[in-house]
Amino acid sequence: GVRLLLHGLCSNTTVKSLDLKGNNLRTMGAEALGKLLRQNKSIRSLTLEWNSLGMWEEGFSFFCQGLRANNFLQRLDLRNNQINHQGAAELAMALAQNTSLQELDLRWNNIGLLGGRALLNCLHTNKTLKRLMLAGNNVPGDILKAVEQALDHNQDREAILSEAQKQVNILSKEVLSLKDEKNKQFMDFVDTVDKQKEEKARSEKMSAARVSQLQEALDEQYSIMNSLKTKLQMTEAALVLSEQKVHNLGELLNAMKQEQNCVAECHFRELQQQKQEGADREGRLLHDLSAASEKNLLLRNKVDELERKCSVQQDQLLQVKQDLTSTTAELKLRAVEAEERLEMEKRRFKQSLEDMESLRVKEVDRMRQHMEASEHSMLNRIQRLEAIRVSLEEELSKVKAAALTERGQAEEELIRVRSQARLEEQQRLEHLEEKLRLMTESRDEAQNCCLKQKEMVAEAQAKAKQLSSYADGLKRRLDELQQDLDSKEEEKVTELNKVKVELQEQIGHLEAERAAQDGLREKIAALERQLKALSSNHREALLDKEGEISLLLEKLRMKEAEISRVREEEAQRASFLQNAIMAYVQGSPLGTHSSRK
């Protein structure tokens, strides 16, 4: 019956406690119990009191083998089973390999001295058995005390191991929590890095779009400058056409005045004096012009110095500067050619004045009035030029003072001031060039007048002898020609006024376009400053994020170092405890243990 019962319990997984006391189990029952212990994994308590299992050595050996293989049984009751020292030795061999049994009751058996020693020896290897009851087995007292000490050691070891296990569990939980925090921090860091990358990509796109807009604005400015160049070329062509018209009118006037040269001999001396005065005035004018040109050269040198200082930031306007320098060189060449022509005409005029001796009073008066009007206009122009020169000098002094005061400011303000000063200087140079052009036109007009007068004098000297008989008829013709000349001069003045008005309108358009360009340049400078501010802010944000990342990495390293240190300390503590327990169990004498207890 016991065999069938135990055979059924081999596969059972719900029974935790089995009580078979007083059932007179023998060899077959012991073998069935051994098989049960080898196969069953759920029974934790087994009671076999009053069964006489120790009388059957083979059966009890099978039972001990099953106990050796079992790792789930925690409590075993073998009281009053007539176990002798041999059975105790078998049981000790089984306990040496068992790792789950915690309580064993062997009271009222016949273990004796040998059985007690065997059980004591097995306790050196078995560290899980906490209670071993050996009363009523004829076991000496010292062995009982040694067994009690070994059991106490096992209990202490179990307590220490439980505490160590608790600490290990706590540390493992902390390690897991730290790992979770580390993973969360790493994921947060990865998210922040991704966000920073996205923000960086967005900022790069925005900067690229702004750069493209700036490039388009620069292209528009270049196109505007090209259109201004074409307009300047058109105005120069119009000026050339007007000069040609003036030249043709002068030729017509010379042809008409060739007939009036017969009456110019009588008034030669007065005209010579007036011409000398005109030459002196012209010398003064030329001196003033040379002074103005020298001041213009000084202003240009200063402007060149400012442009050299600002050449690093003004690479985009080099083409415009080259065009301006080419135009100024052409104007200089024209001025030099005009001066050479003036000198040649002076020489011719002196030669013709030596031949002229007499002119009539009407011609002298008319010429006086004409010369006075021309002198008055020239004086007015000279005064205007001097006023302009004074204003330019004042503006230059203001610009210099502003440059000296603003030198200690920031680089962006310095760049802006330089650009403004450069634009103002360019505008002033253009105004000066326009004024020089006007002066050269007026000088050309005066030269044309001088040429006409020279031609008149030469023709008068040539035809004075032939046309003396026709003086009366020539007087009438002179009156008519004088009227025609006055009308033609008036037409010439109206045409010149029209040309001047057109030129002023074109200059106004050019100035408006330049003002628009200045506004665009200021906008470009503001956009560049905004780009610099955005790039600096982005760089600072990246540096801050990198600093935070480095701090997080250092914290992670510190945490890992602390975890490794804690692990090492716990391993060292466990090893120290294990060594101390082993040394205490194996090497301590029995007398000291009994006295301590």
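Only a predicted model underlies this, so the values are computations on that prediction, with no experimental measurement involved. (Residues numbered from 1 in each chain as written. Predicted model: local features only at pLDDT ≥ 70, side-chain atom pairs only at ≥ 80, totals over all residues. Heavy atoms only, no water.)

Draft legend 1. Molecular detail of the overall build of the protein. Scanning the protein from N- to C-terminus turns up 12 helices and five strands. Looking at the protein as a whole, 32% of its 597 residues are labelled buried. Sequence separation of at least 24 residues holds for 90% of the intrachain contacts in the protein that already meet a minimum separation of 6. (Helix = DSSP H or I, 4+ residues; strand = E, 2+ residues; numbered from the N terminus. Buried < 20%, exposed > 50% of the residue type's maximum accessible area, 1.4 Å probe, protein only. Contact = heavy atoms within 4.5 Å.)

Draft legend 2. Geometry of helix α2 (residues 27–39). Between its first and last C-alpha, α2 extends 19 Å over 13 residues, near the 18 Å set by a 1.5 Å rise per residue. What α2 keeps buried is the set G29, A30, A32, L33, G34, L36 and L37. Buried positions along α2 lie against α1 (2–9), β1 (17–19), β2 (45–47) and α3 (57–69). (Expected span 1.5 Å × (residues − 1).)

Draft legend 3. Fine view of the nonpolar core. Ranked by size, the top nonpolar core spans 45 residues in total, and within it L48, L76, L78, L104, L106 and L132 carry the most contacts. Counting residues per element, the ones that place at least two in this core are α1, α2, α3, α4 (85–97), α5 (112–122) and α6 (141–257). With residues near it in sequence (within four places) discarded, L76 still touches L46, L48, F63, L67, L101, E103, L104 and D105. (Core = buried A, V, L, I, M, F, W, Y, C linked by side-chain atoms within 4.5 Å.)

Draft legend 4. Representation of the sheet that holds strand β5 (residues 131–133) within the structure. The five strands are arranged β1-β2-β3-β4-β5 in an open sheet whose pairing can be described as parallel. Looking at strand neighbours, the two that pair on one side only are β1 and β5, the edges of this open sheet. When strand polarity is set aside, the average angle formed by the axes of neighbouring strands in this sheet is 0 degrees. Relative to β2, β1 is paired through three bridges, and the arrangement is parallel. Each residue of the ladder has a partner; that of L18, found in β2, is L46. (Pairing = 2+ DSSP bridges. Axes fitted to C-alpha atoms, helices over the stretch in contact; angles between N-to-C directions.)

Draft legend 5. Just the packing of α4 against α5, in detail. One can describe the packing of α4 onto α5 by two numbers: an axis separation of 8 Å at closest approach and a directional angle of 5 degrees. As summarised for this structure, α4 and α5 are arranged roughly parallel, according to the angle between their axes. Across the interface between the two elements, H85, A88, A89, A92, L95 and A96 from α4 touch L114, G115, A118, L119 and C122 from α5. The class makeup of the residues in the contact of α4 with α5 is nine nonpolar, two polar and no charged. (Parallel < 35°, antiparallel > 145°, perpendicular 65-115°, else oblique. Nonpolar A, V, L, I, M, F, W, Y, C, P; charged D, E, K, R; others polar.)

Draft legend 6. Quick peek at the packing of α2 against α3. Direction vectors running N to C along α2 and α3 enclose 10 degrees, while the axes themselves pass 7 Å from each other. What the angle tells us is that α2 and α3 run roughly parallel. Residue-level contacts link T27, A30, E31, L33, G34, L37 and R38 of α2 to G59, F60, F62, F63, Q65, G66, L67 and A69 of α3.

Draft legend 7. A negative patch on the surface, seen in detail. Side chains of D479, E480, D484, D486, E490, E491 and E495 sit close together on the surface and give a patch of like negative charge. Its location among the elements puts D486 in helix α11 (residues 471–587). Classification of D486 by relative accessible area gives partly exposed; the value is 33%. (Patch = residues over 30% accessible without salt bridge, like charges linked within 9 Å, V, L, I, M, F, W, Y side chains within 5 Å. Areas by Shrake-Rupley, 256 points an atom, 1.4 Å probe, with all protein chains shown as cover. Salt bridge = Lys/Arg side-chain N within 4 Å of Asp/Glu carboxyl O. Lys, Arg positive; Asp, Glu negative; His and termini not counted. Charge placed at Lys NZ, Arg CZ, Asp CG, Glu CD.)

Draft legend 8. Structural view of the pattern of salt bridges. Applying the stated criterion across every chain yields a total of 10 salt bridges. As a salt-bridge pair, E430 and R514 come within 1.3 Å of each other at their nearest N and O atoms. Taken together, the positions of E430 in helix α10 (residues 411–463) and R514 in helix α11 put the pair 84 residues apart, joining distant regions of the chain. Overall, the relative accessible area of 11% leaves E430 in the buried class. Put simply, E569 and R565 hold a salt bridge, and the shortest N to O gap is 3.0 Å. Note that E569 and R565 are positioned in helix α11 at a spacing of four residues, about one turn of the helix.

Draft legend 9. Fine view of the environment of V566. In this structure, V566 sits in helix α11. By relative accessible area, V566 is classed as partly exposed at 24%. Taking C-alpha positions, V566 is 8.4 Å from L171, a pair spaced 395 residues apart along the chain.

Draft legend 10. The side chain of S42, seen in detail. Mapped onto the elements of the fold, S42 is located in the loop between α2 and β2. Judged by relative accessible area, S42 falls into the buried class, the value being 4%. Beyond its immediate chain neighbours, meaning those up to four positions away, S42 contacts N12, T13, T14, V15 and K16.

Draft legend 11. Representation of unusual backbone geometry within the structure. Phi angles above zero are rare outside glycine, and Q82 is one such case at about 55 degrees. Looking at the element boundaries, Q82 is found in the loop between β3 (75–77) and α4. By relative accessible area, Q82 is classed as partly exposed at 44%. You will see that N138, though not glycine, has its phi angle at about 60 degrees, which is positive. By the element assignment, N138 lies in the loop between β5 and α6.

Draft legend 12. Representation of the environment of N23. Position of N23 among the secondary structure elements: in the loop between β1 and α2. Distance from N23 to E49, taken between C-alpha atoms, is 8.7 Å for residues 26 residues apart in sequence. Excluding residues within four positions of it along the chain, N23 makes contact with W50 and N51.

Draft legend 13. Main features of the side chain of N137. Tracing the backbone through its elements, the reader meets N137 in the loop between β5 and α6. At a separation of 3.5 Å, a polar atom in the side chain of N137 contacts the main-chain amide nitrogen of I111. Sequence-distant contacts of N137, that is, excluding residues within four places in its chain, are made with L106, R107, W108, N109, N110, I111 and G112. (Polar contact = N/O pair within 3.5 Å; in protein donor to acceptor, adjacent residues only side chain to side chain.)

Draft legend 14. Quick peek at the environment of A526. Mapping A526 onto the fold places it in helix α11. Along the backbone, A526 and R416 are 110 residues apart, and their C-alpha atoms lie at a distance of 9.8 Å.

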